[in-house]
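Results of the structural survey
Chain by chain, the residues:
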Amino acid sequence: MTRDIILLDGGMGQELVHRTDDKPTPLWSTHVMSKYPGLVGQVHTDYFDAGATIATTNTYAIHRDRLVGTELENDFEALIETALKEATDVAREGTQIAGAIGPLVASYRPDIHPDHDTAVPLYAEVAELLKASVDLIICETVASVSHTQSVLAGAMTAGKPVWMAFTLNDQDGTKLRSGEPLADAIAVCGNAAALLANCSAPEALDAAMPILAQSGKPFGGYANAFTMITKDFLGAKPTVDALEERKDMGPDAYAAHVMNWVAQGATIVGGCCEVGPNHIQTIADKLREAGHRIV
């Protein structure tokens, strides 16, 4: 069965690392916008050229709590404005801009995510700054049920469609990184416009697709190509050099996973960390070869 498929872009942070000789820092993808103006926009352009129809803004790590104690502490609004401009300046006809909201405090750490009453206004503040420049908001790397509830509540205040993207246990894609069932997070997503899995092993997303499909909402995913999320990366102020790229997840291997998701009904696919323009190009080629239309 052929269908219309939305093709997301790939990873941003790792692409930026690969395109410079600088050592990554905890705020690397944020620092890079002032040190290398236009580089983020070039990455967006390369993904569009590869066939992506959505650019995900480089706002994942721009939270007040992540900037505290750094030289960027007072640049919260300006950083979001810069990231939005890098995306909107290169947008083209037929494409969309997705405003990214990453986790507060740290990725993959549901144990230190703020409580609901603290988190909702912080997420809402980001959503408010994104809304004028984006077509939708995508809440990324959502690691627990409580994280799901707070980021969805905050994002919904912007009045834009909200897509939820869950990060999964790499060994068991039926569970979130918190250990809770993915189905429990889906159960509190009534207001979400689409449900995805992201930043987890492709094999974990293989297991998640039937669960996402049961929601009745548009669904899909975008995996990473790391060997595993290491203990070093789960510590304080992590950097991506604590993670290792998989050598068995080149464009063809990754695209095979994506086509399996599409075969299970997924209509929104793309890539996360260590998935670059060549991967997206291969996915686009295989989707067209299978008779699907990229929209």
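Residues numbered from 1 in each chain as written. Predicted model: local features only at pLDDT ≥ 70, side-chain atom pairs only at ≥ 80, totals over all residues. Heavy atoms only, no water.

1. So, the sheet that holds strand 11 (residues 293-294)
Operational definition: Here, any two strands with at least 2 DSSP bridges between them count as paired. In DSSP terms, a helix is any run of H or I states spanning at least four residues, a strand is any run of E spanning at least two, and both are numbered starting from the N terminus. In this description, contact between two residues means that some pair of their heavy atoms is separated by no more than 4.5 Å. Note on method: axes are straight lines fitted to C-alpha atoms, helices fitted across the in-contact stretch only, with angles between N-to-C directions ranging 0 to 180 degrees.
Read across the open sheet, the 9 strands follow the order 2-3-4-5-8-9-10-1-11; overall the sheet is parallel. The two strands at the open ends of the sheet, each matched to only one other strand, are strand 2 (54-56) and strand 11. Pairing of strand 1 (residues 4-7) with strand 10 (residues 268-271), which is carried by 2 bridges, proceeds in the parallel orientation. When the bridges of strand 10 are listed, Leu7 appears paired with Val269. Packed onto the sheet, helix 10 (residues 251-263) meets strand 1, strand 9 (219-223) and strand 10 and runs at close to 165 degrees relative to strand 10.

2. So, the packing of aromatic side chains
Going by this rule: Side-chain rings of Phe, Tyr and Trp, where Trp is taken by its six-membered ring, are said to pair if the distance between their centres is within 6.5 Å; with planes under 30 degrees apart they count as stacked, over 60 as edge-to-face, and otherwise as tilted. Relative accessible area decides the class of each residue, using a 1.4 Å probe on protein chains only: under 20% of the type maximum gives buried, over 50% gives exposed, and in between gives partly exposed.
For the structure on display, the rule yields 1 aromatic pair. Both rings, one in Tyr254 and one in Trp261, keep their centres 6.1 Å apart while their planes meet at 90 degrees; by these two values the pair is edge-to-face. For Tyr254, a relative accessible area of 0% puts it in the buried group.

3. A word on the packing of helix 5 (residues 76-88) against helix 6 (residues 116-130)
To characterise two packed helices, one gives the angle between the axes of the helices and the distance between these axes. The cut-off we apply is this: Any angle that is under 35 degrees is reported as roughly parallel, and any over 145 degrees as roughly antiparallel; angles of 65 to 115 degrees are reported as roughly perpendicular and all others as oblique. Working rule for handedness: look at the near helix, and if it is turned counterclockwise from the far one by less than a right angle, call the crossing left-handed; if clockwise, right-handed.
At a minimum axis separation of 10 Å, helix 5 and helix 6 run at an interaxial angle of 45 degrees. Relative to helix 6, helix 5 is oriented oblique. Crossing hand, helix 5 versus helix 6: right-handed. For the pair helix 5 and helix 6, contact is made by Phe76, Glu77, Ile80 and Leu84 and by Glu125, Val126, Leu129 and Leu130, respectively.

4. Describing the packing of helix 3 (residues 39-50) against helix 11 (residues 277-289)
The cut-off we apply is this: Charged means Asp, Glu, Lys or Arg here, nonpolar means Ala, Val, Leu, Ile, Met, Phe, Trp, Tyr, Cys or Pro, and polar covers whatever is left, Gly included.
Taken N-terminus to C-terminus, the directions of helix 3 and helix 11 make an angle of 20 degrees; their axes are 8 Å apart at the nearest point. When the axes of helix 3 and helix 11 are compared, the pair comes out roughly parallel. Seen from above, helix 3 lies across helix 11 with right-handed handedness. Contacts between helix 3 and helix 11 pair Asp46, Tyr47, Asp49 and Ala50 from the former with Pro277, Ile280, Gln281 and Ala284 from the latter. Across the contact of helix 3 with helix 11, the residue classes break down as 5 nonpolar, 1 polar and 2 charged.

5. Comments concerning the pattern of salt bridges
Cut-off, in case you're wondering: Only one rule defines a salt bridge in this text: a Lys or Arg side-chain nitrogen within 4 Å of an Asp or Glu carboxyl oxygen.
Tallying each qualifying case throughout the model produces 11 salt bridges. Residue Arg92 is joined to Asp49 by a salt bridge in which the shortest nitrogen-to-oxygen separation is 3.0 Å. Here the residue Arg92 occupies a position in the loop between helix 5 and strand 3 (96-101), and Asp49 occupies one in helix 3, the gap between them amounting to 43 residues. Salt bridges sharing partners connect three or more residues here, namely Glu15, Arg19 and Asp46.

6. Some thoughts on helix 6
We count it as follows: By definition here, a helix of n residues has an expected span of 1.5 Å times n minus one. Note that the arc is computed from the directions linking the helix axis to the C-beta atoms. Any N or O atom pair separated by 3.5 Å or less is treated as a polar contact, with the protein-specific requirement of one donor-capable and one acceptor-capable atom, and with residues adjacent in sequence counted only for side-chain atom pairs.
Given a rise of 1.5 Å per residue, 15 residues ought to cover 21 Å, and the 21 Å separating the end C-alpha atoms of helix 6 matches this to within 8%. Among all positions in helix 6, only Ala119, Val120, Tyr123, Ala124, Val126, Ala127 and Leu130 are buried. The arc that holds the buried residues of helix 6, viewed along the axis, is 165 degrees, so those residues lie on one side. Tucked into the core, helix 6 has its buried residues touching helix 5, strand 3, strand 4 (136-142) and helix 7 (145-156). The N-capping residue of helix 6, defined by a side-chain oxygen 3.1 Å from the backbone nitrogen of Asp117, is Asp115.

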